[in-house]
Amino acid sequence: QVQVVESGGGSVQAGGSLRLSCVASGRTFRRYAMGWFRQAPGKEREFVGAISWSTGSTYYADSVKGRFTISGDNAKNTVYLQMNSLNAEDTGVYYCAATERLIGLTALVVWDCWGQGAQVTVSS
């Protein structure tokens, strides 16, 4: 079993940047893909992006391509979500998640464990 814990987030003005971190732990977590999701008030949780620990490949939702970057630090067991050019539509609770699968990553049911979430608020 893998455990993930997010940190970072906060409030920023439109056009600004924030970085979220997600620390993973567990005996076999390096077989996992790590992902980020977000949930805005009154909306469903949606896929933001993901990274494969084994290949380093990254995947992004169209809404964040070119603005968000996911990276991993193997030595620190940490995945980062760098968010640039933020706008009000990026506001929400951001969740880190882990899965052993590498297909169907945009679907919530694919992901096995979740962090507690980190609030990101972008003011216009």
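As a reminder, the structure under discussion sits directly above these lines.
Residues numbered from 1 in each chain as written. Predicted model: local features only at pLDDT ≥ 70, side-chain atom pairs only at ≥ 80, totals over all residues. Heavy atoms only, no water.

Tallying each qualifying case throughout the model produces four aromatic pairs. With centroids separated by 6.4 Å and ring planes inclined at 80°, the aromatic side chains of Tyr95 and Trp114 adopt a geometry described as edge-to-face. In this pair, Tyr95 is assigned in strand S9 (residues 92-99) and Trp114 in strand S10 (residues 113-114), connecting sequence segments 19 residues apart. Members of the aromatic cluster, each reached through a chain of ring pairs, are Phe37, Phe47, Tyr95, Trp111 and Trp114. The side chain of Arg45 reaches across the aromatic face of Tyr95, ending 3.6 Å from its centre. A cation over a ring is seen here: Arg45 above Trp114, with NZ or CZ 4.8 Å from the ring centre. (Phe/Tyr/Trp six-rings, centres within 6.5 Å; stacked < 30°, edge-to-face > 60°. Helix = DSSP H or I, 4+ residues; strand = E, 2+ residues; numbered from the N terminus. Lys NZ or Arg CZ within 6 Å of the ring centre and 35° of its normal.)

In this section: the state of the cysteines. Summed over all chains, the structure comprises one disulfide. A disulfide bridge connects Cys22 with Cys96, and the sulfur atoms are separated by 2.0 Å. Residues Cys22 and Cys96 share a disulfide whose torsion about the S-S bond is about -75°; that sign makes it left-handed. Within this pair, whereas Cys22 is found in strand S3 (residues 18-25), its partner Cys96 is found in strand S9, the two being separated by 74 residues in sequence. In terms of burial, Cys22 and Cys96 fall into one category: buried. This cysteine, Cys113, is not joined by any disulfide, and Cys96 carries the nearest cysteine sulfur, 7.8 Å off. Take Cys113: its relative accessible area is 9%, and that puts it in the buried class. (Disulfide = S-S within 2.5 Å. Buried < 20%, exposed > 50% of the residue type's maximum accessible area, 1.4 Å probe, protein only.)

In space, the four strands of this open sheet follow the order S1-S3-S8-S7, with antiparallel pairing throughout. Bordering the open sheet on either side are strand S1 (3-8) and strand S7 (68-73), each of which pairs with just one other strand. Across the sheet, the mean angle from the axis of one strand to that of its neighbour is 20°, orientation sign disregarded. Note: S3 against strand S8 (residues 78-83), six bridges, orientation antiparallel. Within S8, the residue paired with Cys22 across the bridge is Val79. (Pairing = 2+ DSSP bridges. Axes fitted to C-alpha atoms, helices over the stretch in contact; angles between N-to-C directions.)

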